[in-house]
Amino acid sequence: MAGADQSVIRRPCGVRARGLGGGGRRAHAATAFELNLPLFKPLTLDLSGRYDRYDSDRTRGNHHFTYRFGVEYRPFHSLLLRGNYATSFKAPDLSSLFLSPSSYYTQVTDYYACAKDGASSCDAYSNGVRGTLLANSTLRPTTASSWTAGAAWSPTERVSVSVDYIDMAIRNEVVEQDIDQLTYDDARCLLGQLDPASAQCQALTNPTTGQVQRAGTDGPITALVTSYANLSSETIRAIFASLRYHFVPTRFGSFGLQLDYNDLLNHEFRFEAGTPSVRQLANPQSSTEFKSMFTGALDWTSPGRRWTSTLYARRVGSSPNYAAILGGASQPGAGRLRPWITFNGSIGYQATRHLRFALMVNNLANKMPPRDASYTDAPYFNDENYDVYGRQIMLQMRMSFDAH
C-alpha cells in the first residue's frame, strides 16, 4: 500500500450514458386541511397541513405530515407585511426504488494511480469503464423546511413594489452516488488517508464486493457499482424584488413596466453526511450557476386594444469560465465571464373577435454568449448556462370557435 503522505488531486468526471429498465408498484393516499383566519381587519393567519401515506412492493408504513403557517399584517391600506414557515417532503422516484440493475459507461479518474505516480495533474489518469447502477428500496423521503419574510407596498393604483427573502433547507435528497467522489475516497482508503478497516473503505475497496473494482490489488479501475442514496443536503438563501408601474393612458395607448430582480445570497451543498459543505457560489468546480438575474418588460396596448406589443430584457450575472470549472478559482487562466444581456420582442394584432396574429422575436440583437477563450473543445461554451441559437423569429396565428 502506498504511503499516507501522498496527496490526491480531484477533477470533474466525464459524462455517462446508460439504458434503464425496471418496474414496481406504489399505493398512495393523502388528506389535507386549510384554515384562513382573519383575526381582525389588519391581521390574517393561514394554517394548512397534509398527511401522506404510501406503500410500495418492498416497503410498508411510509408516512409524512407537512404543514404551513403564514401571517399577513396590513398596518395601513397600501402596505402589506407577510411571512410564512412551511415544511415539505418528496417521496423517492419510482425509478430510484424499482430500477433493475443497469449498465452504463463513463470516464473515471484514477486518483490512486495519479497519487502513486506523484503527478501534479490527474488529467492523464482518466479512462472509460463499465458501471452498474442499483436501485435502493430503503430510500427515505426528501424533506425540506423554508421560511420567507417580505413586504408589498402599493402607494397608488399604478405602482406596486415587493421584496421577499427566502431561507430554505433540504435534507436527504435522493441522488445517484457521485462517481468522482467514490474514486476519490477509494484512493484515500488505498493511500491510508482513511482507515482501510472502516466500513466505508471496505465497501469501496473489497476485491470481491467493493464498489470500485481494480485489476489485481492496486491495478487500474476496471468496474464500478453505484446506487441511489439519501446523501445530500442543501441550503439556499435568496432575495426577490419586483416593481410594477402602469403609466397614465395616452392617446397613443397604455403602457406598463415590470422589473424583477433576484439575488442568490448563499447556496451550500453537502454531498454526504460527515463531509464539509461546499459553497456553490465560491466553488466553480461544483456549480456554474448565476448569482443574480434581472428582467424587465415594457408592454403597450393600443386604443381599442387591437394591437399589443412587449419588449422584454433579461440580464444574467457573471459565471465562471472553463478554466475555473476544470481547475478551480486558483487555476491559471481562471476567471469569470461578463454578464449576458438579451432582448426579446413581440407584437400582436387582433384581426377579428376570433382571429389573432402575433410576431415574436427572441434575441433581437442576435447577441451571442460572452466569449470564453479557455474553452478548447466543442461546443466551446458552457451549454448548461448559455445557448447559441441567436435570433429566432416566430409567427403565430390563433383562431377560436364559438360553442354555438
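Below, the structure is looked at part by part. If you're wondering where the values come from, they're calculated on a predicted model, not measured in any experiment. (Residues numbered from 1 in each chain as written. Predicted model: local features only at pLDDT ≥ 70, side-chain atom pairs only at ≥ 80, totals over all residues. Heavy atoms only, no water.)

## A short note on the overall build of the chain
Turning to step 1, where the next piece is worked out: A count of helical and extended segments in the chain gives five helices and 20 strands.
Turning to step 2, where the next piece is worked out: Computed over the C-alpha atoms, the radius of gyration of the chain is 27 Å, more than 25% above the 22 Å expected from 2.2 N^0.38 for a compact globule of 404 residues.
Turning to step 3, where the next piece is worked out: Here the chain holds 404 residues, and the buried ones make up 36% of them.
Turning to step 4, where the next piece is worked out: Put simply, 65% of the contacts in the chain that link residues at least 6 apart link residues at least 24 apart. (Helix = DSSP H or I, 4+ residues; strand = E, 2+ residues; numbered from the N terminus. Rg over C-alpha atoms; globule rule 2.2 N^0.38 Å. Buried < 20%, exposed > 50% of the residue type's maximum accessible area, 1.4 Å probe, protein only. Contact = heavy atoms within 4.5 Å.)

## Thoughts on the pairing of strand β4 (residues 62-76)
Turning to step 1, where the next piece is worked out: Bridge count between strand β3 (residues 43-56) and β4: twelve bridges; the pairing is antiparallel. The residue of β4 that forms the bridge with G49 is Y67.
Turning to step 2, where the next piece is worked out: Linking β4 to strand β5 (residues 79-90), which pair antiparallel, is a turn of two residues. (Pairing = 2+ DSSP bridges.)

## Some points on the pattern of salt bridges
Turning to step 1, where the next piece is worked out: Under the defined criterion, the tally for this structure stands at eleven salt bridges.
Turning to step 2, where the next piece is worked out: D52 is the salt-bridge partner of R50, the closest N and O atoms lying 2.9 Å from each other.
Turning to step 3, where the next piece is worked out: Its relative accessible area of 38% is what places R50 among the partly exposed residues.
Turning to step 4, where the next piece is worked out: On the basis of relative accessibility, which here comes to 3%, the residue D52 falls in the buried class.
Turning to step 5, where the next piece is worked out: The salt bridge partner of D218 is K116, with a shortest N-O separation of 3.8 Å. Of the two residues, D218 is situated in the loop between β10 (212-214) and β11 (221-246) and K116 in helix α2 (residues 111-116); the sequence distance between them amounts to 102 residues.
Turning to step 6, where the next piece is worked out: On the basis of relative accessible area, D218 is assigned to the partly exposed category, the value being 34%. (Salt bridge = Lys/Arg side-chain N within 4 Å of Asp/Glu carboxyl O.)

## Quick word on the state of the cysteines
Turning to step 1, where the next piece is worked out: Inspection of every chain in the model, using the stated rule, returns two disulfides.
Turning to step 2, where the next piece is worked out: Each sulfur of the disulfide joining C114 and C122 lies 2.2 Å from the other. Since a negative S-S torsion denotes a left-handed disulfide, the C114-C122 link at about -90 degrees is left-handed.
Turning to step 3, where the next piece is worked out: Judged by relative accessible area, C122 falls into the buried class, the value being 3%.
Turning to step 4, where the next piece is worked out: One disulfide bridge connects C189 with C201, the sulfur atoms lying 2.0 Å from each other. Of note, the bridge from C189 to C201 carries an S-S torsion of about -85 degrees and is left-handed in sense. (Disulfide = S-S within 2.5 Å.)

## Brief notes about the packing of aromatic side chains
Turning to step 1, where the next piece is worked out: Tallied over the full model, the rule gives ten aromatic pairs.
Turning to step 2, where the next piece is worked out: Ring geometry for F65 against Y67: centres 6.3 Å apart, planes inclined by 25 degrees, an arrangement best described as stacked.
Turning to step 3, where the next piece is worked out: Ring centres 5.3 Å apart and planes at 50 degrees place the aromatic pair W147 and Y165 in the tilted group. Highlighted residues: W147 in strand β8 (residues 142-156) and Y165 in strand β9 (residues 159-176), separated in sequence by 18 residues.
Turning to step 4, where the next piece is worked out: What makes Y165 partly exposed here is its relative accessible area of 22%.
Turning to step 5, where the next piece is worked out: Aromatic rings pair up to connect F65, Y67 and Y85 into one cluster. (Phe/Tyr/Trp six-rings, centres within 6.5 Å; stacked < 30°, edge-to-face > 60°.)

## Some remarks on helix α3 (residues 179-191)
Turning to step 1, where the next piece is worked out: Given a rise of 1.5 Å per residue, 13 residues ought to cover 18 Å, and the 18 Å separating the end C-alpha atoms of α3 matches this to within 8%.
Turning to step 2, where the next piece is worked out: Among the residues making up α3, those that are buried are I179, D180, Q181, L182, T183, Y184, D185, D186, A187, C189, L190 and L191.
Turning to step 3, where the next piece is worked out: Tucked into the core, α3 has its buried residues touching β6 (102-109), α2, α4 (199-205), β10 and β11.
Turning to step 4, where the next piece is worked out: At the N-terminal end of α3, a side-chain oxygen is found 3.3 Å from the backbone nitrogen of D180, two or three residues along, and the residue is D178.
Turning to step 5, where the next piece is worked out: Looking at the residues trailing α3, positive phi occurs at G192, about 85 degrees. (Expected span 1.5 Å × (residues − 1). Polar contact = N/O pair within 3.5 Å; in protein donor to acceptor, adjacent residues only side chain to side chain.)

## Quick notes on the side chain of T143
Turning to step 1, where the next piece is worked out: Within the secondary structure, T143 sits in strand β8.
Turning to step 2, where the next piece is worked out: Once residues lying within four places of it in the same chain are set aside, the contact partners of T143 are H64, S88, F89, A169, I170 and R171.

## What to know about the nonpolar core
Turning to step 1, where the next piece is worked out: The biggest cluster of nonpolar side chains holds 18 residues, and the ones touching the most others in it are V108, V212, I221 and L224.
Turning to step 2, where the next piece is worked out: Breaking this core down by element, the ones donating at least two residues are α1 (94-98), β6, β7 (126-134), α3, α4 and β11.
Turning to step 3, where the next piece is worked out: Ignoring anything within four residues of it in the chain, the contact list for V212 reads L182, D186, L204, I221, A223 and L224. (Core = buried A, V, L, I, M, F, W, Y, C linked by side-chain atoms within 4.5 Å.)

## Considering the pairing of β9
Turning to step 1, where the next piece is worked out: Here β8 runs beside β9; their pairing, made up of twelve bridges, is antiparallel. Paired with A149 across the bridge in β9 is Y165.
Turning to step 2, where the next piece is worked out: As consecutive antiparallel partners, β8 and β9 are separated by two residues.
Turning to step 3, where the next piece is worked out: Pairing analysis gives 16 bridges linking β9 to β11, with the strands arranged antiparallel. Each residue of the ladder has a partner; that of E176, found in β11, is Y228.

## A look at the side chain of S227
Turning to step 1, where the next piece is worked out: Tracing the chain through its elements places S227 in strand β11.
Turning to step 2, where the next piece is worked out: With sequence-adjacent residues up to four places away left out, S227 is seen in contact with L133, L134, V175, E176 and Q177.

## A closer look at unusual backbone geometry
Turning to step 1, where the next piece is worked out: With a phi angle near 55 degrees, N363 is a residue other than glycine that sits in the positive phi range.
Turning to step 2, where the next piece is worked out: The residue N363 is located in the loop between β19 (355-362) and β20 (392-399) in this model.
Turning to step 3, where the next piece is worked out: You will see that N366, though not glycine, has its phi angle at about 55 degrees, which is positive.
Turning to step 4, where the next piece is worked out: Of note, N366 is situated in the loop between β19 and β20.

## What to know about the environment of L191
Turning to step 1, where the next piece is worked out: You can see L191 is positioned in helix α3.
Turning to step 2, where the next piece is worked out: Measuring from C-alpha to C-alpha, the distance between L191 and H77 comes to 68 Å, with 114 residues separating the pair along the chain.

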